[in-house]
Structure formats: structure tokens, C-alpha cells
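Structural characterization, general
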Amino acid sequence: MNINDAVKEYQSLSRRIKYFEEAAAVMSWDLQTGAPEKAVIGRSGVIGTISTEAFKMLISEQMEKLLVFLSNPENMPHLSRIIQVSVKEDLKKFNRFKKISAEKYEAYIVLTTQAEAVWKEAKALGDFAIFKPYLEKIVEFLQEAAELWGYDGHKYNAMLDIYEPGVTTEQLDKIFGYLKEKIIDLMGRIKKSGYVPDNSMFLKSYDKDMQRRLSLKILDKMQFDLKRGRLDESAHPFTIKLNLGDVRLTTKYEVNNLTGALFATIHEGGHGLYEQNIREDLAGTPLCTGSSFGIHESQSRYWENFLGRSRPFWEMFYDDLLEIFPEQFNGVSVENIYHGANRVEPSLIRVQADELTYGLHIILRYELEKSLIGGDIKVCDLPRLWDESMQTYLGIIPGHPGEGVLQDIHWSKGYFGYFPSYTLGNIYAAQFFNQMKKEIPDYDGSVENGDFKGINEWLKEKIHQHGKLLKPAELLHRVTGEEINPKYFAEYLEKKYREIYKI
Ligand code: ZN
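Everything quoted here is computed from the prediction, not taken from an experiment. (Residues numbered from 1 in each chain as written. Predicted model: local features only at pLDDT ≥ 70, side-chain atom pairs only at ≥ 80, totals over all residues. Heavy atoms only, no water.)

1. Examining the overall build of the chain
Rules: The secondary structure listing takes helices from DSSP runs of H or I that are at least 4 residues long and strands from runs of E that are at least 2 residues long, numbered from the N terminus. We take the radius of gyration over the C-alpha atoms and set the globule estimate at 2.2 Å times the residue count to the 0.38 power. Each residue is placed in one exposure class: buried if its accessible area under a 1.4 Å probe, protein chains only, is under 20% of its type's maximum, exposed if it is over 50%, and partly exposed if it falls in between. What makes two residues a contact is simply this: any of their non-hydrogen atoms within 4.5 Å. The method behind every accessible area is Shrake-Rupley, applied with a 1.4 Å probe, and residues are considered shielded solely by the protein chains displayed. Counting rule applied: Lys, Arg positive; Asp, Glu negative; His and chain ends not counted. By convention, charge coordinates are those of NZ in Lys, CZ in Arg, CG in Asp, or CD in Glu.
Helix and strand counts for the chain come out as 21 helices and 3 strands. For a compact globule of 503 residues, the expected C-alpha radius of gyration is about 23 Å, and the chain comes in at 23 Å, within 12% of that figure. Viewed in the frame of its principal axes, the chain has a C-alpha envelope of about 75 × 50 × 50 Å. Each of the 503 residues in the chain was classed as buried or not, and the buried ones make up 53%. In the chain, of all internal contacts separated by at least 6 residues, the share reaching a separation of at least 24 is 73%. Surface accessibility of the chain: about 22600 Å² in total, with carbon and sulfur atoms responsible for 51%. Charged side chains of the chain number 63 positive and 73 negative; the gap between the two group centres comes to 1 Å.

2. So, the coordination of the zinc ion
Put simply, the rule is: Each metal's donors are the N, O and S atoms within 2.8 Å of it, or within 3.2 Å when it is Na, K or Ca, and because water is not part of the set, sites may look incomplete.
The protein atoms donating to the zinc ion are His267 (NE2), His271 (NE2) and Glu297 (OE), with metal-donor distances spanning 2.1 to 2.4 Å. Of note, the zinc ion draws all its donor residues from one chain, in the sequence arrangement H-x3-H-x25-E. Of this pair, His267 sits in helix α10 (residues 258–276) while Glu297 sits in helix α11 (residues 293–307); the two residues are 30 residues apart in sequence, bridging distant segments of the chain. Glu297 matches His267 in its accessibility class, with the two residues each being buried.

3. Details of the pairing of strand β3 (residues 246–251)
Applicable threshold: By definition, two strands form a pair when at least two bridges between them are found by DSSP.
By the criterion of burial, β3 is predominantly enclosed, with 6 of the 6 residues buried. Of the two faces of β3, both are covered, the one formed by Asp246, Arg248 and Thr250 as well as the one formed by Val247, Leu249 and Thr251. Here strand β1 (residues 229–233) runs beside β3; their pairing, made up of 5 bridges, is parallel. Bridging from a neighbouring strand, Arg230 pairs with Arg248 of β3. The pairing of strand β2 (residues 239–243) with β3 spans 4 bridges and is classified as antiparallel. Opposite Ile240, over in β3, you have Arg248 as the bridge partner. From the end of β2 to the start of β3, which pair antiparallel, there are 2 residues.

4. Comments concerning the environment of Lys217
For Lys217, the location among the structural elements is in helix α9 (residues 208–221). Accessibility expressed as a relative area gives 25% for Lys217, which makes it partly exposed. With 103 residues separating them along the chain, Lys217 and Asp320 place their C-alpha atoms 8.4 Å apart. In contact with Lys217, not counting residues within four places along its chain, are Asp320, Glu323 and Ile324.

5. Details of the sheet that holds β1
Applied cut-off: Axis definition: a line fitted to C-alpha atoms, limited for helices to the stretch in contact. Angles are taken between N-to-C directions and run from 0 to 180 degrees.
An order of β1-β3-β2 is seen for the 3 strands of this open sheet, with the pairing classed as mixed. With partners counted over all chains shown, the strands left at the sheet margins are β1 and β2, one partner each. For this sheet, the mean angle separating the axes of adjacent strands, direction not counted, is 20°. Sheet contacts for α9: β1 and β3; angle to β1, the most-contacted strand, approximately 150°. In this fold α10 packs onto β1, β2 and β3, with an angle of close to 165° to the strand it touches most, β3.

6. Some remarks on the pattern of salt bridges
Applied cut-off: Salt bridges are defined as contacts in which a side-chain nitrogen from Lys or Arg sits within 4 Å of a carboxyl oxygen from Asp or Glu.
Here the structure, examined in full by the defined rule, presents 39 salt bridges. Between Glu499 and Arg311 there is a salt bridge, with the nearest N and O atoms lying 3.0 Å from each other. Note that Glu499 is positioned in helix α21 (residues 487–501) and Arg311 in helix α12 (residues 311–324), a separation of 188 residues in sequence. By relative accessible area, Arg311 is classed as partly exposed at 22%. Close ionic contact of Glu494 with Arg498 constitutes a salt bridge, the shortest N to O distance being 3.0 Å. Taken together, the residues Glu494 and Arg498, both in helix α21 and 4 residues apart, mark about one turn of the helix.

7. Observations regarding unusual backbone geometry
Of note in this structure, Gln223 is not a glycine but carries a positive phi near 70°. Looking at where Gln223 falls in the secondary structure, it is placed in the loop between α9 and β1. Notably, Lys502 is not glycine yet its phi reads approximately 50°, a positive angle. Examined against the element boundaries, Lys502 turns out to sit in the segment after α21. Assessed through its relative accessible area of 70%, Lys502 is described here as exposed.

8. Some remarks on the environment of Val139
Here Val139 shows up in helix α6 (residues 128–149). What makes Val139 buried here is its relative accessible area of 6%. Spatially, the C-alpha atoms of Val139 and Ile409 are 15 Å apart, while their sequence positions differ by 270 residues. With residues up to four places along the chain from it excluded, the contact list for Val139 reads Leu372, Val379 and Phe416.

9. With respect to the side chain of Thr251
Test applied: Under the rule applied, a polar contact is a pair of N or O atoms within 3.5 Å (in protein, one hydrogen donor and one hydrogen acceptor; residues adjacent in sequence only if both atoms are side-chain atoms).
Inspection of the secondary structure puts Thr251 in strand β3. Assessed through its relative accessible area of 0%, Thr251 is described here as buried. Here Thr265 takes part through its side chain, which lies 3.1 Å from a polar atom of the side chain of Thr251. Dropping the residues within four chain positions of it, Thr251 is found in contact with Ser215, Leu231, Asp232, Glu233, Ser234, Pro237, Ala261, Ala264 and Thr265.

Put into C-alpha cells, the structure is as follows:
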């Protein structure tokens, strides 16, 4: 085989995989945004078939032959950097899947599909016992998979490698341990302050069409390109990139709560901007996406929290808010809105948590997942350990497993190792934010004026354009000159809440 021919064949196969993935993605988007309720029965087979075809191509003999040839140390130096990194990325995926037999893999897909349905029922009934046997099998499968894939140190590192390559349990124990102490301390001081910001301005009645107008206004200000994207409504907000010219966001409007859709739109807009700004020569390669789950989340959380929950943002957005909802915000000052958007209140449900207590929800899940995969605890221990940690960290105990251990979908789908990326996102975002404020002249002033050009250019140049070409640690180091450092996030939280709560 000659190198040029092999590269061409590899590129064409990669593109073909992408096309199949895009077809499945459109159908899944359709199912979640507008398809009739009963469509799921027929559609899941279509999505399953198309996804399986893409998967078969990825683990095909043709792909194996190409990857082995191109990754040969004699050939590697002759490849472009994009092809080099793409080959490494595909090789990693290839090995991960190839090490598990086809029968086992198929049985696992069936298991997680059933587990998701059982989880839904268990959650609604608040009954952990019916979900337990499924979760036991999932954990067992992942423990076995970790052995097949191999890992250094803790077994859970094999799970982390899927979502946040390069990050280890040993690192996370230190980072999360430090953060846990800081958050709990801050929470205690906030409680002692006795101040409870009024957030009733967000809990009135808001027309859904007007909320959509508000959401589109924010996206426009964020410079999310609506000619290359769109905004729809779904039960759970998400972002899906079909190709560089088609990045779709969803949000969820609630009549009696304005913040739900507002912050969901800003959050997904952050994910969307990342996907829209990836350099064009990565299109059709496995690198045309974010560097990692954590880095992706750093972008959504930067926009949602560091920007969307900041005082300059509300200064800027005040007039629009008054124009669209004059009655609801009549007589409410920017200061009141800013405080209302930053009210801290321990809650049972992760997705409803405020910016401060959110991290504790993640750390709790991380500790349980790690112990479960490591074999230190059993699935049957989960409900008890969950409640104990909730009491220790947040001072509240769920009334039933539906609002406790069963609240998230992740475990039913086998997504162990995913949760840490949410808090890593906040930690990365704080590091980027710190750097951005040093490098962008008059950062606060530009936010107040609604001029996000400088911010967007900075994000695009430093982070977005690279897609998956740079590993998370590499990207972080290039932008900030540092490794993961939770100090910036802790300092950001301290500064913000000290000022609001006067503590
Ligand atoms: Zn997100």
C-alpha cells in the first residue's frame, strides 16, 4: 500500500462514518424535538440500524488495515498532523471496541436499553430494588471492560479515559477533596449570614413565545450563528452538531420559571459556539468536535455562570428584559436581579442546583462511582451511602430514591466516568476566565456594552478552533500555562459570594 492511497482511503472511510452518524443524529434530534410521541417505537430501529452501520465501519477489517498501516512508526512522520491525530484517535476507539466480543457488546446494548426503561419506572415509583439487578450487571460489564482495556492505578481510570483522557482518579481525589472543603465552608458562612436573596422576579408568569424571543436575543448577542444553527424546544435541553453548518440547540420553557429556559439557552449556546467555531479543515475527521467532555462543559459553563450570572451581564441585559417582560420586572433593580440569579440553596436534585452547591452533587457521585467500579462497595449499598453523603455534604436527605440515587439517567446507560466532567468544566472555565480577564482589555466593560466580539475571538482562537486536535491537558497548558488547578474556581466562588452575602 502506498501512503497517499492509504490516506485517501482512510479519509473517505472517515467521511462515510461521519455521514452515517449525521443521519442517525438528525433522526434522534427529530425524535426529541417534534416527532409524535409514538414515533419512538419505529424510529429507534432506524437509528439503531444506521448507528450500527457506522460502528461496523469503525471496527471493520478495512479500518483495521488502514490504521495499522498508517500508525506504523515508519509511516506516521509522513502524515499531516490532522491525519496523525485522527489515526491515534480512531485507533484508541478501535482497540476499545475490538477487545470486547461482538456477542458481549450486543448483550450490553440490550442490557442498557432495558436498564434505561426500568430506571425510568424505578425512578417514578421511587423503588431502587427493581433497578438493582440491571445496575449490577452494568457495573460487572464495565469492571470486566476495564480489565480488557487496561489502566494504570485505579480501575476507574479506565472509565475516566473515555470522557476526560489524561485525568486520573489520583488527581481527582486531590482536586475534588480540596473543592469539597471550600464549598462546604462557603455554604456554612452563607447560611450563617441569614441573607436569602429574593428570586421571586424569576418565578412569575412568562409567556412561552416571549421567552423564545428572549432566548433568541441572547443567542444573537452571544454571536451564535443562526444561519448555521437553530433553537428548538425539548424535554431535556441539549446541543447536537450535525456538521459545521448545522449546530442545533434546544431549551425548555417553563411558564412559571424564567431562569430554566434562560440559563439552558445560554448554556447550550456555549456548547454551540464551540462546535460552530471549529476549524474547517477538521470537517469529516474524528477531530471535528470538542477536546473532551470537560472542556466542552467549560464552554457552556463559562457562558452560563461566569458570564450569564455576572453583574455586568445583567447591566447589559436589563433593558431587553424590561422590554420583553415589563410587568414582571417593573421596579426590580439590576442589583436585585443579580442577587436573585445567584441565590444559594441546597437542593436534592442536581440539575436544579445553584452554581455553588452543584459541585457537591458531582463529588458525591464521583466518590460512589469510583468505589463501585473499584469493587469497594456494592450496588445494594448505594441508596444508603447516597443518603449519608447528601446529609454530610448538603445537610438534606431525599424522601425516596426517586429524588435521590435514582434521579439521573447516566448509570442506566452505563455512563460511569461522565459526572466528573461537569465539575472539571467549572474548574477549566475558571482557569480560562482568569486568563481571559488578563488578556482582554476592559473585559467587564465589553460585557456591559453587550460587545462579545473580543470574548468570542479569544475563545475561538485559543480553544474552539482546535477541536479535538489538542488533548485537554495540552489545550489547558497552552492557554493558561498551568495544569488543572481548582484554586481559580474556589477563588471565583469566594469572591462572588463574599460580596453578595457580605460574609
Ligand atoms: Zn452541558
